[in-house]
Structures are given as structure tokens and as C-alpha cells.
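Observations on the model geometry
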Amino acid sequence: MATMQDNKFNKQENKADLYRLMLWSFYAVAVIMKNIFATKRWKVGFIQAPAGYIFEPVTFIAQDVETETRGYKSAKTMVFWGFALNIIVAIASQLAIILPNASSPEIQTSFAIVLGNVPRILVASLIAYLLGGTLNVKIMSHLKEKKNNSLLYRAIVSTIFGQLLDNIVFSNIAFLGIIPLNQIIYMSISMTIIETIYEIVFYPVTKFLIYKIKEAEKIDTLI
């Protein structure tokens, strides 16, 4: 009987660890992709934004899941870990660019353009990510402590403020003096709206991930 309980415990423990590993891995990939693609801006109709920002809501969803399942301290660690990964990738990219080139000049130029990331863009992205991510998990944690609101409400409110701060900081540092201020303001607000809609659309995924992790770790604790 003890053996069966031990096996059940080990399976649930492994499942909980697997979910956590998948969440952090997915988060790390999204954070890195966001900054790699930050130098390109896209435009569809009247909406324009850096290409990397299509991955921004993914990072906030992961932060929400971590905050709900492990709390503010762990989610804040996730944010700072993503910040450290960005710096590592930026340094590695620069090293790869300065290595003696054995390819054609066109390939080297394209490689440098894609991975070089203009210093101003990189600084803007790192600062915006750190401030926006920290605010997101702080608000999520604060609302959770009140215990009189839903998960959807916490996710939406934390995303609105976190994303808005991220977008404002990034847009101003990266593009102030390059594009008109009214475009910067418009881009910041429009991207926040889009990213909030993104959060709402993918809310079932957020809820499912939180449920599965809590379920695994709850059984872990009860056995």
C-alpha cells in the first residue's frame, strides 16, 4: 500500500515539475523572441507596432500563471530571470556578429541587422520589460490578496497597467525624436488595447494552465 502511495506521489510530483518546466521554458522563449524581433515595425491598417510585441502578451500570461500558482516572489524571480536571459542573448549576438565572416557580405550584413539590435532599441526593450513585468505581477498579486475578484479581472487589470507601462517606456526610449510624439502615444495605447484583447482571448489557456499546475501541486501536498 505504501508503495502505491509513493508511486502516486512521484507521478504527481513529476507532473507538477513538468508543468513548471514547460511554463518557464515557454516564457523564456517568448521573452527572447520579443527582443530579437523588436527592431522591425509592422503596420496593419491604422495599427502599427514593433514586431516583437506580438509575443509580449505571452510573457504576461506566463507571469499571471506563475503569480497565481507560486505567488509574487516567484513571479518576480521569473521577470528578473527573463531580464538576465535577454542580456545573455544580446551579448551572445554581438559575439556572433564580430566573429570573422566566412559567408558572403550580404549574409553578414543581414545577420547583423537581424541580431544586432540597435543599442537604443535593446535598452528600451530591456527597461520596458523589467518595469512592465514587475508591475504586472505586483498588481496581480495585490488583487489576489483582496480575495474579492475573479481570475479574469486580475488578469485583465494587471495586463492593462503592465502592458501600458511597458509600451509607453519602450516607445519613448526607442522612438522619441524619430517618429512624432502623437504616433508614439497612439502606438502605446493601441498596442495596450490589442494586448489586452489578446489576454482575454487566451484567458481559457491561462485558466487551464493555472488549474493543471494547482491540481498537480495540490495533490502533491495532500498525499
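Since the structure is predicted, the reported quantities are computational estimates derived from the model, not experimental observations. (Residues numbered from 1 in each chain as written. Predicted model: local features only at pLDDT ≥ 70, side-chain atom pairs only at ≥ 80, totals over all residues. Heavy atoms only, no water.)

**A few points about the overall build of the protein**
The condition is simple: Here a helix means four or more residues in a row that DSSP labels H or I, a strand means two or more in a row labelled E, and each is numbered from the N terminus. We call a residue buried when its accessible area falls under 20% of the maximum for its residue type, exposed when it is over 50%, and partly exposed in between, using a 1.4 Å probe and counting protein chains only. Note on contacts: a residue pair qualifies if any of its non-hydrogen atoms lie within 4.5 Å across the two residues. Working definition of accessibility: Shrake-Rupley area with a 1.4 Å probe, residue cover restricted to the visible protein chains.
Within the protein one finds 8 helices and 2 strands. Here the protein, with 223 residues, has 42% of them falling under the buried criterion. Considering only intrachain contacts with a sequence separation of at least 6, the fraction spanning at least 24 residues in the protein is 76%. Carbon and sulfur atoms provide 72% of the accessible area of the protein, an area that totals close to 12100 Å².

**Structural notes on the environment of alanine 75**
With respect to the helices and strands, alanine 75 occurs in helix H3 (residues 72-98). Taking the relative accessible area as the measure of exposure, alanine 75 reaches 0% and is therefore buried. In the structure, alanine 75 is positioned 13 residues away from alanine 62 in sequence and 8.8 Å away in space, judged by C-alpha atoms. Excluding its chain neighbours within four sequence positions, the residues that come into contact with alanine 75 are Gln63, Glu66, Thr67 and Val137.

**Describing the side chain of asparagine 167**
Along the chain, the position of asparagine 167 falls in helix H6 (residues 151-175). The exposure class of asparagine 167 is buried, given its relative accessible area of 2%. Discounting residues that sit within four places of it in the chain, asparagine 167 has contacts with Tyr53, Ser188, Met191, Thr192 and Glu195.

**Brief notes about a nonpolar patch on the surface**
Selection rule: Residues forming no salt bridge and having over 30% relative accessible area are the ones grouped into patches, like charges within 9 Å of each other and nonpolar side chains (Val, Leu, Ile, Met, Phe, Trp, Tyr) within 5 Å. Salt bridge criterion: a side-chain nitrogen from Lys or Arg within 4 Å of a carboxyl oxygen from Asp or Glu.
Taken together, the side chains of Leu176, Leu181, Ile185, Ile189, Ile193, Ile197, Val201, Phe202, Val205, Phe208 and Leu209 present a nonpolar region at the surface, about 980 Å² in accessible area. Of all the secondary-structure elements, those providing two or more residues to the nonpolar patch are helix H7 (181-201) and helix H8 (203-222). Of the residues forming the nonpolar patch, the biggest block, 6 residues, is contributed by H7. Mapping leucine 176 onto the fold places it in the loop between H6 and H7.

**What about the nonpolar core?**
Stated precisely, the cut-off is as follows: Put simply, buried Ala, Val, Leu, Ile, Met, Phe, Trp, Tyr and Cys residues joined by side-chain atoms within 4.5 Å make one nonpolar core.
Ranked by size, the top nonpolar core spans 16 residues in total, and within it Leu23, Tyr27 and Val65 carry the most contacts. Contacts of leucine 23, omitting those with residues within four sequence positions, involve Ala62, Val65, Glu66, Met78 and Ile213.

**Thoughts on the packing of helix H2 (residues 56-70) against H7**
The test is simple: A fitted line through C-alpha atoms represents every axis, and for helices the fit uses only the stretch in contact; the resulting angles, taken between N-to-C directions, go from 0 to 180 degrees. When describing relative orientation, an angle under 35 degrees is termed roughly parallel and one over 145 degrees roughly antiparallel, while 65 to 115 degrees is termed roughly perpendicular and anything else oblique. Less than a right angle of anticlockwise turn of the near helix away from the far helix marks a crossing as left-handed, whereas a clockwise turn marks it as right-handed.
At a minimum axis separation of 10 Å, H2 and H7 run at an interaxial angle of 50°. When the interaxial angle is binned, H2 and H7 end up oblique. Between H2 and H7 lies a crossing of right-handed hand. Contact residues: Glu56, Pro57, Val58, Phe60, Ile61 and Asp64 in H2; Glu195, Tyr198 and Glu199 in H7.

**So, helix H5 (residues 119-146)**
Defined as follows: Multiply 1.5 Å by the residue count of a helix minus one, and that product is the helix's expected span.
An ideal rise of 1.5 Å per residue puts 40 Å on 28 residues; H5 measures up with 41 Å between its terminal C-alpha atoms. The positive-phi residue at the C-terminal boundary of H5 is lysine 147, with phi of around 60°.

**Some points on the UniProt feature "transmembrane region" (unreviewed entry) in the protein**
Stated precisely, the cut-off is as follows: UniProt positions are given in the numbering used here, feature names are shortened, and annotations may be inferred rather than shown by experiment.
Cross-referencing UniProt, the feature "transmembrane region" (unreviewed entry) maps to residues 18-37, 78-99, 111-131, 151-178 and 184-205 in the present numbering. Taken end to end, residues 78-99 comprises 95% helix and 0% strand; its first and last C-alpha atoms sit 32 Å apart. From the first C-alpha to the last, residues 151-178 spans 39 Å; its make-up is 89% helix and 0% strand.

**Some points on the packing of H5 against H6**
Axis angle and axis distance: for two packed helices, these are the angle between their axes and the distance between the axes, and together they describe the pair. We apply this condition: Gly falls in the polar group here, along with every residue not listed as nonpolar (Ala, Val, Leu, Ile, Met, Phe, Trp, Tyr, Cys, Pro) or charged (Asp, Glu, Lys, Arg).
Packing of H5 against H6 brings their axes to within 8 Å, and their N-to-C directions diverge by 160°. By the angle class used here, H5 and H6 are roughly antiparallel. The chirality of how H5 crosses H6 is right-handed. In terms of residue class, the contact of H5 with H6 is built from 21 nonpolar, 7 polar and 4 charged.

**Some remarks on H6**
Here H6 is 25 residues long and its end C-alpha atoms lie 35 Å apart, about the 36 Å a rise of 1.5 Å per residue gives. Among the residues trailing H6, glycine 177 stands out with phi positive, at a value near 95°.

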